[in-house]
Amino acid sequence: MNRTKPFEISKKVVMEAFKQVKANNGTSGIDEQSIGIFEEKLKDNLYKLWNRMSSGCYFPSPVKAVEIPKKSGGKRTLGIPTVTDRIAQMVVKLYFEPDVEPYFCEDSYGYRPGKSALDAIAVTRQRCWKYDWVLEFDIKALFDTIDHELLMRAVTKHTDSQWIILYITRWLSSPFQTSEGKIIERTAGTPQGGVISPVLANLFLHYAFDKWMERSNPQNPWARYADDGVIHCKTKEEAEKLLIQLKERFAECKLELHPDKTRIVYCKDNKRTGDYQDIQFDFLGYTFRPRSAQNKQGERFLNFLPAVSNKAIKAMGQTIRQWKIHRQTDKKLVDLAQLVNPIVRGWINYYSRFYKSAMYQILHQLNWRLSKWVAKKYKRVHSSNKCARNWLGKMAERNPKLFVHWQFGSIPTVR
């Protein structure tokens, strides 16, 4: 370690930070420098970054503002730091995250080591069987509205490292830069797209929500994934009272509940026969609602269960259409498999964990697109839809592992 520098930062950590940023890939920032270009002079670039951070003279560049469409409509602004700034943020994350992670609550699932959205779905499913009511909530524009003063109060509670505090402060005040070059100053929020942002958001909500719930409402179990969460209640009255408290608590922390994504839901099933209007909610790409289930004796009954949401089905269908499979007649079937399998494998791994039969409709749609490709590529022999489906079905029988969804059980049938 170089003792002449005011801040002691390990060169090995800087190298590890680069490796993790490279593994995450990502687009370039305002300087248009890609990971590949940065890597061409890797040793020099990492040394310069280490030298600047260790000397206290590292200042981040403005963050590139990129608008992306939201599944629910409208647009979300991502803040994309430069490659250099992403590495610098990763350095701080590698030092800072181990300091705060042990303090985080068990039911905080977002962006945490060893935890996942599926874990949150699993525990929520079990609790819906035990509690009659759910308060579903979403924090409006969390990453844009986090109060800097309150956040830094939480940061300094968990570290006395001056360089970590210094650089987090500088990142929070880094302006946005639009594609037209316009500079937009920021007085709140931590850019969604920054490496350090998820840790900071979790830390903020640890005090704004998690610890508050444990302290003020210990009788109500909850699960939170970033700005999306659910709270379980015994009665509707309890849920209504808690909603009022939650609005007040978030207002104290300068946050706001999303009016269209926050509501009280009744967990209707065979045992709960009450007649209420709201009997379903969406959480992390799954819709929880009354569904037909079967017990070990083969008897059907109504259970409150999660399955892939209609919004997720719609998004997957849009992706399938964008592939334009039927137009790619210059390719072989194996080429199409290489195109779609990585994406479809991710869908299946995530959305088939619970009530997997709900996934078959989108996988059947993929098979239909493949049969259209067959009809167009081999139109002299298999021009009809029936012939094309039969050809595809025979291919699936001979090579069931070619497409990942065939392995899942969505195999074209031969008629």
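Calculation rules
Residues numbered from 1 in each chain as written. Predicted model: local features only at pLDDT ≥ 70, side-chain atom pairs only at ≥ 80, totals over all residues. Heavy atoms only, no water. Helix = DSSP H or I, 4+ residues; strand = E, 2+ residues; numbered from the N terminus. Buried < 20%, exposed > 50% of the residue type's maximum accessible area, 1.4 Å probe, protein only. Lys, Arg positive; Asp, Glu negative; His and termini not counted. Charge placed at Lys NZ, Arg CZ, Asp CG, Glu CD. Pairing = 2+ DSSP bridges. Axes fitted to C-alpha atoms, helices over the stretch in contact; angles between N-to-C directions. Salt bridge = Lys/Arg side-chain N within 4 Å of Asp/Glu carboxyl O. Parallel < 35°, antiparallel > 145°, perpendicular 65-115°, else oblique. Contact = heavy atoms within 4.5 Å. Nonpolar A, V, L, I, M, F, W, Y, C, P; charged D, E, K, R; others polar. Polar contact = N/O pair within 3.5 Å; in protein donor to acceptor, adjacent residues only side chain to side chain. Core = buried A, V, L, I, M, F, W, Y, C linked by side-chain atoms within 4.5 Å.

Some remarks on the overall build of the protein
Okay, so step 1: Tallying secondary structure elements over the protein gives 15 helices and 11 strands in all.
Okay, so step 2: For the C-alpha atoms alone, the extent of the protein along its principal axes is close to 75 × 60 × 40 Å.
Okay, so step 3: In the protein, buried positions account for 51% of the 415 residues.
Okay, so step 4: The average position of the 68 basic charges and that of the 43 acidic charges among the side chains of the protein differ by 10 Å.

Digging into the sheet that holds strand β9 (residues 281–283)
Okay, so step 1: Read across the sheet, 3 strands follow the order β9-β10-β11 without closing on themselves; strand pairing throughout is antiparallel. In the strand order of this sheet, the two ends are held by β9 and β11 (300–308), each with one partner. Shown here is a sheet whose adjacent strand axes are inclined to one another by a mean of 50 degrees, direction ignored.
Okay, so step 2: In the sheet, β9 pairs with strand β10 (residues 286–294) via 3 bridges, with the strands oriented antiparallel. By the bridge assignment for β10, Asp282 is matched with Thr287.

Some remarks on the pattern of salt bridges
Okay, so step 1: Counting across every chain of the model gives 13 salt bridges.
Okay, so step 2: The partner of Asp107 in a salt bridge is Arg127, with the nearest N and O atoms 3.0 Å apart. With a gap of 20 residues between them, Asp107 in the loop between α4 (83–100) and α5 (117–130) and Arg127 in helix α5 connect regions that are remote in the sequence.
Okay, so step 3: The residue Arg263 makes a salt bridge to Glu136 at a minimum N-O spacing of 3.3 Å. Of this pair, Arg263 sits in strand β8 (residues 263–266) while Glu136 sits in strand β3 (residues 133–138); the two residues are 127 residues apart in sequence, bridging distant segments of the chain.
Okay, so step 4: Given a relative accessible area of 28%, Arg263 falls into the partly exposed group.
Okay, so step 5: Overlapping salt bridges bring together Asp132, Asp269 and Arg272 as one network.

Focus on the packing of helix α7 (residues 148–158) against helix α9 (residues 197–216)
Okay, so step 1: It is the contact of α7 with α9, at a shortest axis distance of 9 Å, that shows an interaxial angle of 95 degrees. As summarised for this structure, α7 and α9 are arranged roughly perpendicular, according to the angle between their axes. Residue-level contacts link Leu150, Leu151, Ala154, Val155, Lys157 and His158 of α7 to Leu200, Leu203, Phe204 and Tyr207 of α9.
Okay, so step 2: A breakdown of the residues in the contact of α7 with α9 according to their chemical character gives 8 nonpolar, 1 polar and 1 charged.

Here we look at the sheet that holds strand β7 (residues 228–233)
Okay, so step 1: What the 4 strands build is an open sheet, ordered β6-β7-β3-β8; its pairing is antiparallel. A strand with exactly one partner marks an edge of an open sheet, and here the two such strands are β6 (222–225) and β8. When strand polarity is set aside, the average angle formed by the axes of neighbouring strands in this sheet is 20 degrees.
Okay, so step 2: Lying over the sheet, α9 contacts β3, β6 and β7, oriented at roughly 170 degrees with respect to β6.
Okay, so step 3: In the packing of helix α10 (residues 236–252) onto the sheet, contacts are made with β3, β7 and β8, and the angle to β3 comes to roughly 20 degrees.

Regarding the side chain of Asp210
Okay, so step 1: With respect to the helices, strands and loops of the structure, Asp210 is situated in helix α9.
Okay, so step 2: At 2.9 Å, the side chain of Asp210 and the side chain of Arg224 are in polar contact.
Okay, so step 3: Residues in contact with Asp210, not counting those within four places in the same chain, are Cys105, Ser108, Leu205, Trp222 and Arg224.

Brief notes about the environment of Val334
Okay, so step 1: One can find Val334 in helix α12 (residues 333–351).
Okay, so step 2: Taking the relative accessible area as the measure of exposure, Val334 reaches 37% and is therefore partly exposed.
Okay, so step 3: When the C-alpha positions of Val334 and Leu402 are compared, they lie 7.1 Å apart, and in sequence the two are 68 residues distant.

Details of the nonpolar core
Okay, so step 1: By size, the foremost hydrophobic cluster in this structure holds 68 residues, and its most contacted members are Met53 and Val92.
Okay, so step 2: Per element, the largest residue contribution to this core is 10 residues, and it comes from α9.
Okay, so step 3: Aside from chain neighbours lying at most four places away, what touches Val92 is Met53, Glu97, Trp163, Ile164, Tyr167, Ile168, Trp171 and Ile196.

Remarks on unusual backbone geometry
Okay, so step 1: Residues other than glycine seldom take positive phi values, yet Asn25 does so here, at roughly 60 degrees.
Okay, so step 2: Along the chain, the position of Asn25 falls in the loop between α1 (11–24) and α2 (35–40).
Okay, so step 3: Here the phi dihedral of Tyr111 falls at roughly 55 degrees; this positive angle occurs in a residue that is not glycine.
Okay, so step 4: Structurally, the position occupied by Tyr111 is in the loop between α4 and α5.
Okay, so step 5: Residue classification places Tyr111 among the partly exposed positions, given a relative accessible area of 40%.

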